[in-house]
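Listed here are the chains, written in short residue letters.
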Amino acid sequence: MPTLTNTGLTIDTLQEILDDMSGSVQGDLGQDYDLGPDTQDGVILGVVAERLSIFEGQLASIVMGMDKDQSSGAQLDGLASVIGASRRSATKSTISITATGTPTTDISSRRVQYSPTGTIWRTPPSTVIGADGTVDTQLIAEQTGPVAARAAPTSQWAIIDTLAGWTGVFSTIDATPGEDAARDPELRQAMDLAVPCM
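My aim in this report is to walk through the structure given alongside it, one point at a time. (Residues numbered from 1 in each chain as written. Predicted model: local features only at pLDDT ≥ 70, side-chain atom pairs only at ≥ 80, totals over all residues. Heavy atoms only, no water.)

### Considering the environment of Ser86
Phase 1: Structurally, Ser86 can be placed in the loop between α3 (73-82) and β3 (92-101).
Phase 2: Owing to a relative accessible area of 57%, Ser86 belongs among the exposed residues under this scheme.
Phase 3: Along the sequence, Ser86 and Ala194 sit 108 residues apart, while their C-alpha atoms lie 9.9 Å from each other. (Helix = DSSP H or I, 4+ residues; strand = E, 2+ residues; numbered from the N terminus. Buried < 20%, exposed > 50% of the residue type's maximum accessible area, 1.4 Å probe, protein only.)

As structure tokens, this is what we get:
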């Protein structure tokens, strides 16, 4: 039987469960009662013992999921939410650019490629080339995390979603890198800060 103490949960192995059930049956029906694996009763005991072993394993997972030092992934997210903490979401890199072309050309949500690395970036909504034939804006990386790009001339940027009236892009400063989603150790630290005594 599973035992919960102040040191944690102790569960039985499949063999321990089977031995305990066999001992109970033979205690009532006699030590000579045949519970071999090939007998009908032995097969039934084996099936029941296996199901109980699975149940105990699931119970252990639930108990471990209530301990921030043992839980992970979605379990840890759920535990964090109870105390008002949350995993830092992934963010995307951005880079300031100037786009050139024909005035009033709408280049909203169009993709460009930073040629040195092959990374893909996108213009934000409501991006329209101004009366002077340029528009200053920020490209947003398609992927989350620290996607790099440098201040670079038009020759290092390729327009993927080509459009009449859009002639080029050049970046004016290096990209501001995005972040990956917080990993489990980082979330545990955030939980410690939210509840120092946890």
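That was the structure; now back to the text.
### Description of the sheet that holds strand β7 (residues 157-159)
Phase 1: In space, the 6 strands of this open sheet follow the order β7-β4-β5-β6-β3-β8, with antiparallel pairing throughout. Lying at the two open borders of the sheet, with one neighbouring strand each, are β7 and β8 (166-171). Pairs of neighbouring strands in the sheet enclose a mean axial angle of 40°, with direction left out of account. (Pairing = 2+ DSSP bridges. Axes fitted to C-alpha atoms, helices over the stretch in contact; angles between N-to-C directions.)

### Examining a nonpolar patch on the surface
Phase 1: A contiguous nonpolar surface patch, about 220 Å² in accessible area, is contributed by Ile44, Val48 and Leu52.
Phase 2: Here Ile44 shows up in helix α2 (residues 40-65). (Patch = residues over 30% accessible without salt bridge, like charges linked within 9 Å, V, L, I, M, F, W, Y side chains within 5 Å. Areas by Shrake-Rupley, 256 points an atom, 1.4 Å probe, with all protein chains shown as cover. Salt bridge = Lys/Arg side-chain N within 4 Å of Asp/Glu carboxyl O.)

### So, the packing of helix α1 (residues 14-29) against α2
Phase 1: Remark: α1 packs on α2, axes separated minimally by 9 Å, with the N-to-C direction vectors making an angle of 135°. Taken together, the axes of α1 and α2 are oblique relative to one another. For the pair α1 and α2, the crossing hand works out as right-handed. For the pair α1 and α2, contact is made by Leu14, Ile17, Leu18, Met21, Ser22 and Val25 and by Leu45, Gly46, Val48, Ala49, Glu50, Leu52, Ser53 and Glu56, respectively.
Phase 2: Across the contact of α1 with α2, the residue classes break down as 9 nonpolar, 3 polar and 2 charged. (Parallel < 35°, antiparallel > 145°, perpendicular 65-115°, else oblique. Left-handed = near helix turned anticlockwise from the far one by under 90°. Contact = heavy atoms within 4.5 Å. Nonpolar A, V, L, I, M, F, W, Y, C, P; charged D, E, K, R; others polar.)

### Digging into the nonpolar core
Phase 1: In terms of nonpolar packing, the biggest core is built from 18 residues, with Ile95, Trp121, Leu139, Trp157 and Val169 touching the most fellow members.
Phase 2: Residues contacting Trp157, with those up to four places away along its chain left out, are Ile95, Val112, Gln113, Tyr114, Ser115, Trp121, Leu139, Ala149, Ala152, Val169, Phe170 and Ser171.
Phase 3: Grouped together as the second largest cluster of nonpolar side chains are 6 residues, Leu76, Ala80, Ala85 and Leu187 included. (Core = buried A, V, L, I, M, F, W, Y, C linked by side-chain atoms within 4.5 Å.)

### Considering the side chain of Lys68
Phase 1: Along the polypeptide, Lys68 turns up in the loop between α2 and α3.
Phase 2: When its relative accessible area of 8% is taken as the criterion, Lys68 is described as buried.

### Some remarks on α2
Given 3.6 residues per turn, any residue in an α-helix points the same way as the ones three and four places further on.
Phase 1: Between its terminal C-alpha atoms α2 stretches 38 Å, which fits the 38 Å expected from 26 residues at 1.5 Å a residue.
Phase 2: For α2, the full list of buried residues reads Gly42, Leu45, Ala49, Glu56, Ala60 and Gly65.
Phase 3: Against β2 (8-10), α1 and α3 lie the buried residues of α2. (Expected span 1.5 Å × (residues − 1).)

### Structural notes on the packing of α3 against helix α4 (residues 184-194)
Phase 1: Two elements in contact, α3 and α4, have axes separated by 11 Å at closest approach and are oriented at 15°. By the angle between their directions, the pair α3 and α4 is classed as roughly parallel. Taken as a pair, α3 and α4 cross one another with a handedness that is left-handed. Facing Gly73, Leu76, Asp77, Leu79 and Ala80 of α3, the residues of α4 in contact are Asp184, Leu187, Arg188 and Met191.
Phase 2: Grouping the constituent residues of the contact of α3 with α4 by class yields 5 nonpolar, 1 polar and 3 charged.

Read these as geometric descriptors, not functional statements.
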